[in-house]
Amino acid sequence: MKILILHGPNLNLLGTREPEVYGSMTLNDINEKMIALGKELGADVTCLQSNHEGALIDALHDARTWAAGVVFNPGGYTHTSVALRDAISAIAIPVIEAHLSNVYAREEFRQTSMISAVCKGRVTGFGWRSYELGLRGLLEIVKGG
Ligand code: DQA
């Protein structure tokens, strides 16, 4: 079973980017943990990051040809991108929305998500563990649990 973990803009700077909000783990640390967890749970996890909206859309389109599902942190595009929402709607595989920070405890503009309504579920506020919870939940869904 193949799973895509997709990270949006500015998440390449994790570790140094506002560590009080996003924690001290780097993106590479998180990816390694998710690949290891995938192995433990019988999934082959591929991780991708882009700062570009179009590249994220391309990655979602491509994922429909090879992945059983996606854990997606769209970063700031969460709050603005109709195009990402349309891409998620357009692919038949389940997408879980994940955020490191608790967006509800932050600025008002972060409390709107363009994509939540077209995702299977949402995890927010658990730091890097939002990816872990998202991956575990996604695997339950795709395995039919
Ligand atoms: C984020 C929350 C977004 O509001 C923000 O723009 C990010 C990261 C999170 O993981 O908490 O870049 O998606």
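You'll find the structure just up there.
This one's a predicted model, so the numbers in the text were calculated from it and none came from an experiment. (Residues numbered from 1 in each chain as written. Predicted model: local features only at pLDDT ≥ 70, side-chain atom pairs only at ≥ 80, totals over all residues. Heavy atoms only, no water.)

K.L.:
Give a description of helix α3 (residues 53-63) that names residues and reports values.
P.N.:
Among the residues of α3, those classed as buried are L56, I57, A59, L60 and A63. Along α3, the residues classed as buried sweep out an arc of 160° about the axis, all on the same side. Contacts made by the buried residues of α3 are with β1 (2-7), β2 (44-49), β3 (69-73) and α4 (82-90). (Buried < 20%, exposed > 50% of the residue type's maximum accessible area, 1.4 Å probe, protein only. Helix = DSSP H or I, 4+ residues; strand = E, 2+ residues; numbered from the N terminus. Arc of directions from axis to C-beta. Contact = heavy atoms within 4.5 Å.)

K.L.:
Talk me through α4; I want residue IDs and the actual numbers.
P.N.:
Among the residues of α4, those classed as buried are L84, A87 and I88. Looking down the long axis of α4, one finds its buried residues gathered within 100° of arc, a one-sided arrangement. Structurally, α4 contributes buried residues whose contacts are with α3, β3 and β4 (95-99).

K.L.:
Which residues make up the packing of α3 against α4, and what values go with them?
P.N.:
Where α3 meets α4, the axes come as close as 9 Å, and the angle between the chain directions of the two elements is 5°. When the axis of α3 is compared with that of α4, the two are roughly parallel. In this structure, α3 contributes E53, L56, I57, L60 and H61 to the contact, and α4 contributes A83, L84, A87 and I88. (Axes fitted to C-alpha atoms, helices over the stretch in contact; angles between N-to-C directions. Parallel < 35°, antiparallel > 145°, perpendicular 65-115°, else oblique.)

K.L.:
Pulling in residues and values, what's your account of unusual backbone geometry?
P.N.:
For N10, which is not a glycine, the phi torsion comes out positive at approximately 75°. Locating N10 in the fold gives a position in the loop between β1 and α1 (19-22). Of note, the phi angle at E18 is positive, near 35°, even though the residue is not glycine. The residue E18 is located in the loop between β1 and α1 in this model. When its relative accessible area of 37% is taken as the criterion, E18 is described as partly exposed.

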